[in-house]
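Analysis of the macromolecular model
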Amino acid sequence: MKRIIHIASQPGELVLDSFLGSGTTAAVAHKMGRRWIGIEMGEHARTYCQPRLAKVIDGEQGGVSKTLGWQGGGGFRFYQHGPKVFDDQGRINPEIKFEHLAAHIWFAETGTARSTRAMKSPLLGVHNGTAYYLLYNGILGDKTLAGGNMLTMKVLAGLPEHDGPMVIYGEGTNMTNDRLRSLGITFKKTPNDIRAR
Ligand SMILES: C[S@@+](CC[C@H](N)C(=O)[O-])C[C@H]1O[C@@H](n2cnc3c(N)ncnc32)[C@H](O)[C@@H]1O
């Protein structure tokens, strides 16, 4: 593995192992000063790879450590995939929870991460002066079809205020385009206007 990584990459470059397995590729890449991404579908990602790679950071002396004079250092982050946002036909997965759709929309709009543990509010946040809202899954407490997932003047009045442009996702709106424009609102319809990537 050391030889392959030496031939195929320079220090600081990214090594991707999309079948992380026991994590050997990532461990060797790390000791050789490469950055790395490991993807693993099995539970051993958490129970085996994560502790193994944590030991590498702490200076574990197995494998190529002695040859490379590995003393430890660096770090990594461990992420778990959330549930699928869309099904194979491009429809929103009906099981998806507000916080997962919110995280997806926030990333699609801003290119930045939003924790699924962030405060549950229809106002997802403000990015570069624009506020992003999501009306989904009865976030306003009204789960009827014509209820809180539709943007109306009444619903708008109950949303956290923002002095600037607003992007609002909802199932529909009864407001005219002129009215939306005059209020600085870009309305986006779920699910059609949600970008998959
Ligand atoms: C033989 S191991 C790979 C060894 C690894 N490359 C290394 O350096 O130690 C194959 C791994 O791929 C994982 N795997 C298979 N299909 C996958 C998928 N679609 N996404 C993520 N991991 C997958 C399996 O769970 C298994 O742990």
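Residues numbered from 1 in each chain as written. Predicted model: local features only at pLDDT ≥ 70, side-chain atom pairs only at ≥ 80, totals over all residues.

**A look at the pairing of strand β6 (residues 166-170)**
Burial of β6 is extensive: 4 of the 5 residues sit out of reach of the surface. Relative to β6, strand β4 (residues 130-134) runs parallel, the two sharing 4 bridges. Counted as the bridge partner of Tyr132 is Val167 from β6. Pairing geometry for β6 and strand β8 (residues 185-189), over 5 bridges, is parallel. Across the sheet, Tyr169 pairs through a bridge with Lys188, a residue of β8. (Buried ≥ 20, exposed ≤ 12 C-beta atoms within 10 Å, placed from the backbone. Helix = DSSP H or I, 4+ residues; strand = E, 2+ residues; numbered from the N terminus. Pairing = 2+ DSSP bridges.)

**Things to note about the site of the ligand**
Neighbouring the ligand are the residues Asp17, Phe19, Leu20, Gly21, Ser22, Gly23, Thr24, Thr25, Ile39, Glu40, Met41 and Gly42. When grouped by side-chain class, the residues that make up the shell around the ligand number 4 nonpolar, 6 polar and 2 charged. (Near = placed C-beta within 6 Å. Nonpolar A, V, L, I, M, F, W, Y, C, P; charged D, E, K, R; others polar.)

**Some thoughts on the sheet that holds strand β3 (residues 123-127)**
The strands making up a sheet associate through backbone hydrogen bonding, with each pair oriented either parallel or antiparallel. The 4 strands lie next to each other as β3-β4-β6-β8, forming an open sheet whose pairing is mixed. Here the strands that pair on one side only, and so sit at the sheet edges, are β3 and β8. The mean angle between the axes of side-by-side strands here comes to 15°, regardless of whether they run parallel or antiparallel. (Axes fitted to C-alpha atoms, helices over the stretch in contact; angles between N-to-C directions.)

**Digging into helix α5 (residues 98-110)**
Given a rise of 1.5 Å per residue, 13 residues ought to cover 18 Å, and the 18 Å separating the end C-alpha atoms of α5 matches this to within 8%. All of the buried residues along α5 are Leu101, Ala102, Ala103, His104, Ile105 and Trp106. Summarising the contacts, the buried residues of α5 are in contact with β3, β4 and β6. Count one or two residues on from α5 and you reach Gly111, which has phi positive near 75°. (Expected span 1.5 Å × (residues − 1). Contact = placed C-beta atoms within 7 Å.)

**Things to note about unusual backbone geometry**
With a phi angle near 50°, Asn128 is a residue other than glycine that sits in the positive phi range. Here Asn128 lies in the loop between β3 and β4.

**Side note on the domain arrangement of the protein chain**
What the domain assignment lists for the protein chain is domain 1 (2-68) and domain 2 (98-189). For domain 1 versus domain 2, the distance between C-alpha centres works out to 41 Å. (Domains from an automatic or database assignment.)

**Considerations on the nonpolar core**
Counting residues in each nonpolar core, the largest one holds 21 residues, and the members touching the most others are Ala102, Ile105, Leu124, Tyr133, Leu134, Leu135 and Ile168. At the level of elements, α5, β4 and β6 are the ones that each hand at least two residues to this core. Of all the elements, α5 adds the most residues to this core, at 5 residues. If near-sequence neighbours (up to four positions away) are discounted, Tyr133 is found in contact with Pro122, Leu123, Leu124, Leu159, Met166, Ile168 and Tyr169. The next biggest cluster of nonpolar side chains, apart from the first, holds 11 residues, and it includes Val15, Val28, Ala29 and Leu53. (Core = buried A, V, L, I, M, F, W, Y, C linked by C-beta atoms within 7 Å.)

**Comments concerning the packing of helix α2 (residues 24-31) against helix α3 (residues 44-57)**
At a closest axis distance of 10 Å, the pairing of α2 and α3 adopts a crossing angle of 15°. Comparing the axis directions of α2 and α3 gives the class roughly parallel. Crossing geometry of α2 relative to α3 is assigned as right-handed. When α2 is examined against α3, the residues Ala26, Ala27, His30 and Lys31 are found in contact with a partner set consisting of Arg52, Leu53 and Val56. Of the residues assigned to the contact of α2 with α3, the class counts are 4 nonpolar, 1 polar and 2 charged. (Parallel < 35°, antiparallel > 145°, perpendicular 65-115°, else oblique. Left-handed = near helix turned anticlockwise from the far one by under 90°.)

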